[in-house]
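Architecture and fold: a report
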Amino acid sequence: MSENQVLDVFNQYRKMRTEASSHLQEGTKEQKVRRLVKAWLQYLPREERFILYRRLVCELDYSEVADAMRRLWGADGARDFSALLVKQVRAISRIIEFMDTYGAGLE
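The following refers to the structure shown. Note that the structure is predicted; figures quoted are calculated from it, not measured.

1. Examining helix α5 (residues 81–102)
Turn by turn, an α-helix covers 3.6 residues, leaving residues three or four places apart pointing in a common direction. An ideal rise of 1.5 Å per residue puts 32 Å on 22 residues; α5 measures up with 31 Å between its terminal C-alpha atoms. When we look at burial in α5, the residues that qualify are Leu 84, Gln 88, Ala 91, Ile 92, Ile 95, Ile 96, Phe 98 and Met 99. Down the axis of α5, the sector holding all buried residues measures 160 degrees, keeping them to one side. Turned more than 90 degrees off the buried face of α5, the exposed positions are Val 86, Asp 100 and Thr 101.

Set out below in structure tokens:
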């Protein structure tokens with residue numbers, strides 16, 4: 001799995017969340033996307049999960065993510081743009097490693 005594939009799955013997930021009603025029956029592809037994103041987010045450490053969710057699902061910019069982290073975790077949550085970017089890249093790398101190791105059961 002590549003970084004572009006991971007980002008594509010998050011884009012699909014974000015679109016599904018904004019377009020689909022909860023009462024509509026989901027197709028196989030939608031179920032797969034939801035299952036993948038949930039597994040990925042559970043696999044990540046708390047801070048990386050927070051950053052990826054806010055950046056890739058909520059589409060917040062880095063300054064908004066940093067502000068949210070400061071509000072939740074105080075000074076311990078303070079991060080600058082470069083630190084958030086590094087953590088996002090690391091989280092995506094973890095997801096790729098996860099899929100290379102365990103992906104056959106999730107796809």
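Read on, since the account is not over.
2. Remarks on the pattern of salt bridges
Applying the stated criterion to the full structure yields 5 salt bridges. Of the charged contacts in the structure, one is a salt bridge between Lys 87 and Glu 47, with a shortest N-O distance of 2.9 Å. Taken together, the positions of Lys 87 in helix α5 and Glu 47 in helix α3 (residues 46–57) put the pair 40 residues apart, joining distant regions of the chain. Using a relative accessible area of 24% as the deciding quantity, one classes Lys 87 as partly exposed. Overall, the relative accessible area of 16% leaves Glu 47 in the buried class. The salt bridge partner of Arg 94 is Glu 48, with a shortest N-O separation of 2.7 Å.

What counts and what doesn't
- Here the residue numbers are simple positions, counted from 1 along each chain's written sequence.
- Only residues with pLDDT of 70 or above have their local features reported here, since the model is predicted, and side-chain atom pairs are shown and tallied only from 80 upward, although totals for entire chains, interfaces and linings are computed over all residues.
- Processing note: side-chain calculations cover all non-hydrogen atoms of the structure and skip hydrogens and water entirely.
- Numbering of helices and strands runs from the N terminus; a helix is a DSSP stretch of H or I covering at least four residues, while a strand is a stretch of E covering at least two.
- Here the expected length of a helix is defined as 1.5 Å per residue gap, with one fewer gap than residues.
- Exposure is judged per residue with a 1.4 Å probe applied to protein chains only, and the accessible area is read against the type maximum: over 50% gives exposed, under 20% gives buried, and values in between give partly exposed.
- When we speak of the arc, we mean the arc of directions from the helix axis to the C-beta atoms.
- Within this document, salt bridges are pairs made up of a side-chain nitrogen of Lys or Arg and a carboxyl oxygen of Asp or Glu, the two lying within 4 Å of each other.

Any functional reading would require information beyond the geometric quantities listed.
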